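Here is what each chain is made of, one letter per residue.
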Amino acid sequence: MDIDADEEDQPTQSLCPTDKWIEQLNNMHIDSFIMNQLIMDYLVREGYKEAAEKFEEESGVRFSPVIEKLDEKTQIRDAILGGNIKSAINLINELYPEMLDQNRLLLFNLQLQQLIELIRQGKIQEAISFAQMNLTEISEEHPECLPNLERVLSLLVFDTPEKSPFGDLLKTPQRHKIWSAVNTVFMEMQNETSCPKLANIVRILNWSQEQLDKGNVSYPKLKVLGKLDFS
Amino acid sequence: MANMEVDMDGMQGILSEVSNTYKPYMEKIFDSDPTVVLAGLKEIRNFIIGNNRQKSNFIVLGVISRTVYMMSVADTDMIIKCQCAVILGSLALGSEENIKSLLHYNVLENLILGLQDQESDQFFYETCLRCFRSIASSKSIAAQATTVEKLPTIMNRILKCVDLSASTQECTCEIITACCKTPEHQEMFAKFGSVSIVCTLVMSPKRRVKLRAAQALTALCYKNPRISSVLVTATYGNVTLISVLSSMMSRCDEPEIQLNAACCITNMYRSGVMDESHEKLVFYKTAPCLVRMCEPGRTCKQRILGAKTVAYLIESEPRLQRLVYICEHFPHKLDVFLRLPQFEEAKTPESLRKFKEEVAHHDELVTSAFLAYAALLSNEEDLRKNVASDPLVKRLVEALDSKLEEVRTAAIQCLLSLSRSIQVLRTFFQNQEVWKSVLQLAFRDSVSDRETAALCALIANLLLEFSPSRSQLLDGHVLKKILDWCKNPSSINIRRNALYALANVTFRSNSPDRDETDTKLFGIDVLGMIGGETLQNLAMSDDEVTKVRTLDVMTNLLSLENIEDLMGKHGALVIQLLITILARSTNHLPQSGGNESQQQQAESPQVLCAVLRILRNIIEADLVKTVRDFVIQNRQILVKIVDLCKSENTELLNEAINCLCCLVTIEDEHESNLSRIELLRSIGVFRVFENFKTSSIIYMPEKLKDALEYF
């Protein structure tokens, strides 16, 4: 008996044809109240207070900010997404003075983003002084940060950093990454999970599809989430 | 001199640069306008948070004294006081040097005043409490000691305000965990009512509070049956604390929570207050949970705590050892602890971070693995046979050379467990020449008492008669070291273990089957080397184990072959010791009214048996009957021996009768035995022999029968 059979040799099992699958999906009824709650949960956990209040008006789902200090958190989010990192750090220190002392890597990432903003604004001399004063200590203690620091400092070499190989650092998603990291620590300090339930559902979906793929099961795979594109 | 001037200039250059850069911020906090002061404080706060170098810079510029002053002045605006407390709190999260500076400026006193201030607002109270907690939790021993000293003045207030917020709940638990290091600390916290408060916090739905409360409970109930018994029966509403801790160990909870709940249950179990109804919880939930924490995917700190807690849980319980052995391939998990981290595997920032973590914690990982192995292999021979291997023993031998005492001591404890196996002694221990490293360590200076005690016990096992290392150690002059350890003034464990080693050394020294090494010992006056004063102190020790082992050594030495020679040199001392010990034993007859609880023996049966055995050996070997006559003429001793024939302890009874038989049957060749026999009859010896002549509990009925014929 061939124990180590190749995965490709394993027979494909078919669960259900695509049209029947979609028919069953359409027949499933999920209460709109539950859907609205999921959306509200997402808006609250991600700090979209105004959106949550508006959604409350439209859907009738009660907006109960179990998350503490939602207003202040929204201000911090707006500061980060707006590129005003110094202000964001100041607000974080007002709200949770211990947070950045106890999460030095988070502070490093915030200051690295501040460096990126200085480079984006063309303040090269200021950027170099800032890096010397603020980023050397943490990178000495945490050498795993050096590759990221090197990438950012490499932007200084280029006349048009946004066209450099590291130009992605100057784009908006980079700010979202930083905000996401800050939000995770915020929620942890407030004894809450930062991950919205919707994000967990997507994770479970991806994991389930992975398991079915590993088992060589043929099924209508959801390829593109946003477009409901089944293969 | 020129170089020093350059260095001083350099230092002053740095100081002046720091001063020039940050002086403007410092000047602001000396301003008379509170708005300017507040702005300055916030700027300094933003500088120092997350940056130890800036913390040190501003300490040099005097930020501590200024903020402490502002906090202490009653007129200062609360908002300014809050920022001062924030700055001090940030400094407390800095380096050990920063903590030292805080202690130097008596910051704790000011924090206590801040905590006691009834007019303050919640944010100020929380910030002061967090700073207090950071100082208590720091690695500085001085900081911990100072905090513990000051706690009683503030504990009531802290407990009263515990429910102000999640932050105060967390900090209270962290303070208890950091300061609860001794039984006295535990009792102090219990006296303040901390135990019940922390129990309710374990039930909190907030994850961080729950975790810190579990850690505090673990510290409170460690080796404390009284507090543990309170926790075992603690109930809140319909829910028991035990059931809450049990649910915290489920896999859906995060590892940190599972681990700390398991540690708490372990401490309660080891305090001896749990009964069979909790066995399932301990055996099938707690033990597997701790084993899971040793997986390679866990953080280093979790693995270290997991392994150490497993060691503590199983160390005196063979059933648990067997269970843990088969649980999730536990020995394989421990093998990974001993592996050196590989830099080649650190290719990504995440793996580089992991590599750095493993390097930083490598010694602790090794220590915890050795401790876990030591516990796992302490009782069961088949586990030792399955786990012992050349690579493991080699690793242990290498660890004996470590610069760190913790690593060496853990390695010794593991070797001690392994040394209980004859097979391991004869194979892996010989292959890796364990005796060599052990001998080197024995003769090293400045070894701590704890390490020496463990080393003594290991050497004792290596000196057992079937151990191949015995002759190698004796040739290496280990006897001299053992004799020194017998005299150790500070540690009872060292003396006990050294005496055990000495008993093993002397065990074969008088045997007809002795080998070359033992023959050398035969000629050494070990009693003389111990010294009369030391022998007396050991034999008269209040510690039962010390006494018994000393007598074991004397029994071994005073065997039949060279007893005359030894008695010639040390007879007076030996007899005096034996007689003194016998004289201390009390009457074994029940008191009038038959109240047996009033019988109190000053010496244990084990000690008395040893004494009688030695006495008998001496009497039998004494050709000129000096000792026999001395005993017979000492009515008090005779009465004691006859008294011991009434003991309920079979072994003691037999030794006493055996001794009396010797006194009866050892005849004088040319003199009449009549007067001796009549004297013994008058003491009651004949009556004793008559009582036991047909008894089944007598070991030597023939000898008794022969003795009776003399009457």
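A quick note: this is a predicted structure, and the numbers were derived from the prediction, not measured.

Looking at this model, I keep getting lost on the overall build of chain A. Mind explaining?
The helix and strand inventory of chain A stands at 12 helices and 4 strands. Looking at the 231 residues of chain A, the share that counts as buried comes to 38%. For chain A, the exposed surface amounts to about 13600 Å²; the carbon and sulfur share of it is 53%.

Hey, could you run me through the overall build of chain B in this one?
When its secondary structure is counted, chain B shows 45 helices and 2 strands. Seen along its three principal axes, the alpha-carbon backbone of chain B occupies a region of about 115 × 70 × 55 Å. Expressed as a percentage of its 711 residues, the buried residues of chain B come to 56%. Look at the contacts in chain B between residues 6 or more apart in sequence, and 71% of them connect residues 24 or more apart. Carbon and sulfur atoms form 52% of the exposed surface of chain B, whose accessible area is close to 31800 Å². Charge separation in chain B, taken as the distance between the mean sites of 78 positive and 87 negative side-chain charges, equals 4 Å.

What should I look at first to understand the interface of chain A and chain B in this one?
Think of interface size as the accessible area that goes away when the parts come together; that is how it is often given. Facing 24 residues of chain A, the contacting portion of chain B comprises 30 residues. Seen at the junction of chain A and chain B, the total is 6 salt bridges. Linking A:Glu98 and B:Arg133 is a salt bridge whose minimum nitrogen-to-oxygen distance equals 2.9 Å. The interface formed by chain A and chain B contains 16 residue pairs in polar contact (both at pLDDT 80 or more). Sorting the residues of the side of chain A that touches chain B by element identifies helix 5 (85–95), helix 6 (99–102), helix 7 (104–120), helix 8 (124–134), helix 9 (136–141) and helix 11 (172–189) of chain A as the ones contributing at least two each. Looking at which element gives the most residues to the side of chain A that touches chain B, the answer is helix 9 of chain A, with 5 residues.

For this particular structure, what's the right way to read the nonpolar core?
As a rule of thumb, nonpolar side chains are buried together in soluble globular proteins. If you look at the biggest cluster of nonpolar residues, it comprises 246 residues, and the most contacted ones within it are B:Ile482, B:Ile657 and B:Phe689. If we skip the residues at most four places from it in the chain, B:Ile657 touches B:Cys645, B:Val688, B:Phe689, B:Phe692, B:Ile698, B:Met700 and B:Leu704. Among the nonpolar cores identified, the runner-up in size contains 38 residues, and A:Met99, A:Leu100, A:Ile116 and A:Val185 belong to it.

Sorry, what's going on with the packing of helix 4 (residues 70–81) of chain A against helix 5 of chain A here?
Each pair of packed helices gets described by two things: the angle between the helix axes and the distance between those axes. Residue and element names in this part refer to chain A. Between helix 4 and helix 5, whose axes approach to 8 Å, the crossing angle comes to 160 degrees. Considered as vectors, helix 4 and helix 5 are oriented roughly antiparallel to each other. Relative to helix 5, helix 4 is oriented so that their crossing is left-handed. Here helix 4 contributes Glu72, Gln75, Ile76, Ala79 and Ile80 to the contact with helix 5, which in turn contributes Ile85, Ser87, Ala88, Leu91, Ile92 and Leu95. Here the contact of helix 4 with helix 5 is built from residues that sort into 8 nonpolar, 2 polar and 1 charged.

Mind showing me how you'd approach unusual backbone geometry here?
Residues and elements named next belong to chain B. If you check the backbone angles, His329 has positive phi at about 50 degrees while not being a glycine. Counting through the fold element by element, His329 comes out in the loop between helix 20 (318–325) and helix 21 (330–338). Phi angles above zero are rare outside glycine, and His477 is one such case at about 65 degrees. As for its position among the elements, His477 is in the loop between helix 31 (469–475) and helix 32 (478–486).

Explanation requested: the environment of A:Phe186 in the structure shown.
All names here are of chain A. Along the chain, Phe186 falls in helix 11. In the structure, Phe186 is positioned 62 residues away from Ile124 in sequence and 32 Å away in space, judged by C-alpha atoms. When sequence neighbours within four positions are dropped, the list of residues in contact with Phe186 reads Lys73, Ile76, Ile92, Leu95, Tyr96, Met99 and Trp179.

Would you mind going over the packing of helix 4 of chain A against helix 11 of chain A with me for this structure?
Residues and elements named next belong to chain A. Relative to each other, helix 4 and helix 11 sit at 155 degrees, their axes nearing to 9 Å. Judged on the interaxial angle alone, helix 11 and helix 4 are roughly antiparallel. For the pair helix 4 and helix 11, the sense of crossing is right-handed. In contact with Lys73, Ile76, Arg77, Ile80 and Leu81 of helix 4, helix 11 contributes Arg175, His176, Ile178, Trp179, Val182, Asn183, Phe186 and Met187. Its residues placed into classes, the contact of helix 4 with helix 11 shows 8 nonpolar, 2 polar and 3 charged.

Teacher, can you tell me more about the packing of aromatic side chains here?
Any two aromatic rings considered together are summarised by their centre-to-centre distance and by the angle between their planes. Residue and element names in this part refer to chain B. For the structure shown, the criterion picks out 9 aromatic pairs over all chains. Ring centres 4.8 Å apart and planes at 75 degrees place the aromatic pair Tyr25 and Phe47 in the edge-to-face group. Of this pair, Tyr25 sits in helix 1 (residues 2–28) while Phe47 sits in helix 2 (residues 34–48); the two residues are 22 residues apart in sequence, bridging distant segments of the chain. Joined through ring pairs, the aromatic side chains of Tyr22, Tyr25, Phe47 and Phe58 make up one cluster. Over the aromatic face of Phe337 sits the side chain of Arg303, whose NZ or CZ is 4.9 Å from the ring centroid. Looking at Arg681, its charged tip hangs above the ring of Phe686, at a distance of 5.1 Å from the centre.

Where do I start with the pattern of salt bridges in this structure?
Should the charged atoms of two oppositely charged side chains come close, the side chains can pair. Residue and element names in this part refer to chain B. With the rule as written, the count across this model stands at 44 salt bridges over all chains. One salt bridge connects Lys28 with Glu43, and the closest N-O pair in it is separated by 3.0 Å. Linking Lys28 in helix 1 with Glu43 in helix 2, this pair joins segments that are 15 residues apart in sequence. Put simply, Glu295 and Arg298 hold a salt bridge, and the shortest N to O gap is 3.7 Å. For Glu295, a relative accessible area of 22% gives the class partly exposed.

When you look at the confidence of the model for chain A in this model, what are you seeing that I'm missing?
Residues shown with low pLDDT carry predicted positions that ought not to be read at fine detail. In this model, chain A carries an average pLDDT of 83, and 88% of its residues clear a pLDDT of 70 or more. Note that pLDDT drops below 50 for residues 1–8 of chain A; the model gives that stretch 1 contact with residues more than four away or on any other chain.

What exactly am I supposed to notice about the side chain of A:Gln113 here?
Residue and element names in this part refer to chain A. Note that Gln113 resides in helix 7. Note on Gln113: relative accessible area 1%, which makes it buried. Here the side chain of Gln113 touches Glu117 through a polar contact of 2.8 Å, side chain to side chain. Dropping the residues within four chain positions of it, Gln113 is found in contact with Ile85, Arg120, Gln174, Arg175 and Ile178.

Help me out: how do you make sense of a nonpolar patch on the surface in this one?
All names here are of chain A. Where nonpolar side chains cluster on the molecular surface, the patch consists of Ile22, Leu25, Met28, Ile30, Phe33, Ile34 and Met35 and spans about 640 Å² of accessible area. At the level of secondary structure, the elements contributing two or more residues to the nonpolar patch comprise helix 1 (18–27) and helix 2 (32–45). Among the structural elements, Leu25 can be located in helix 1.

Looking at this structure, I do not really get the confidence of the model for chain B. What am I missing?
All names here are of chain B. Averaged over all residues, the pLDDT of chain B is 88; the fraction at 70 or higher stands at 91%. Note that residues 1–8 has pLDDT below 50 and, in this model, 0 contacts with residues that lie over four places away or in other chains. For the stretch residues 587–600, pLDDT sits under 50, and the model shows 12 contacts to residues farther than four places along the chain or on other chains. Two summary scores accompany this predicted model of the complex, namely pTM at 0.84 and ipTM at 0.77.

Parameters and conventions
Residue numbers restart at each chain and count upward from 1, following the sequence in its written direction. Each chain gets a letter, beginning with A, and each ligand a number, beginning with 1, in the order they are written. A pLDDT threshold of at least 70 governs which residues receive local features in this predicted model, and a stricter bar of 80 or more applies before side-chain atom pairs are shown or counted, although totals over entire chains, interfaces and linings include all residues. For the side-chain quantities, the full set of heavy atoms in the structure was used; hydrogens and water were omitted. The helix count covers DSSP runs of H or I at least four residues long, the strand count covers runs of E at least two residues long, and both are numbered beginning at the N terminus. The classification of residues rests on relative accessible area computed with a 1.4 Å probe and restricted to protein chains. Under 20% of the type maximum is buried, over 50% is exposed, and intermediate values are partly exposed. Here the Shrake-Rupley method, with its probe set to 1.4 Å, supplies the accessible areas, and only the displayed protein chains count as covering residues. By definition, residues are in contact when any of their heavy atoms lie within 4.5 Å. The positive count covers Lys and Arg only, the negative count covers Asp and Glu only, and His and the chain ends enter neither. Note that the charge is assigned to NZ on lysines, CZ on arginines, CG on aspartates and CD on glutamates. The working definition used for a salt bridge is a side-chain nitrogen of Lys or Arg within 4 Å of a carboxyl oxygen of Asp or Glu. Throughout this description, a polar contact denotes any pair of N or O atoms lying within 3.5 Å of each other; where both atoms belong to protein, one of them has to be capable of donating a hydrogen while the other can accept it, and for residues adjacent in sequence the pair is counted only when both atoms sit in side chains. Grouping buried Ala, Val, Leu, Ile, Met, Phe, Trp, Tyr and Cys residues that are joined through side-chain atoms within 4.5 Å yields what is termed a nonpolar core. Fitted lines through C-alpha atoms give the axes, limited to the stretch in contact for helices. The angle between two N-to-C directions lies from 0 to 180 degrees. The cut-offs work like this: below 35 degrees is roughly parallel, past 145 is roughly antiparallel, 65 to 115 is roughly perpendicular, and the gaps in between are oblique. Left-handed describes a crossing whose near helix is turned anticlockwise from the far helix by less than a right angle; the clockwise case is right-handed. Residue polarity is assigned by list, with Asp, Glu, Lys and Arg as charged and Ala, Val, Leu, Ile, Met, Phe, Trp, Tyr, Cys and Pro as nonpolar; anything else, Gly included, falls into the polar class. Pairing of aromatic rings covers Phe, Tyr and Trp, the last counted by its six-membered ring, and requires centre-to-centre distances within 6.5 Å; plane angles under 30 degrees mean stacked, over 60 mean edge-to-face, and any other angle means tilted. Any Lys NZ or Arg CZ found within 6 Å of a ring centre and within 35 degrees of that ring's normal is scored as a charge over the ring. Predictor confidence is given residue by residue as pLDDT, running from a minimum of 0 to a maximum of 100. Within this analysis, patches are made of residues with over 30% relative accessible area and no salt bridge. Like charges are joined at 9 Å or less; nonpolar side chains (Val, Leu, Ile, Met, Phe, Trp, Tyr) at 5 Å or less.

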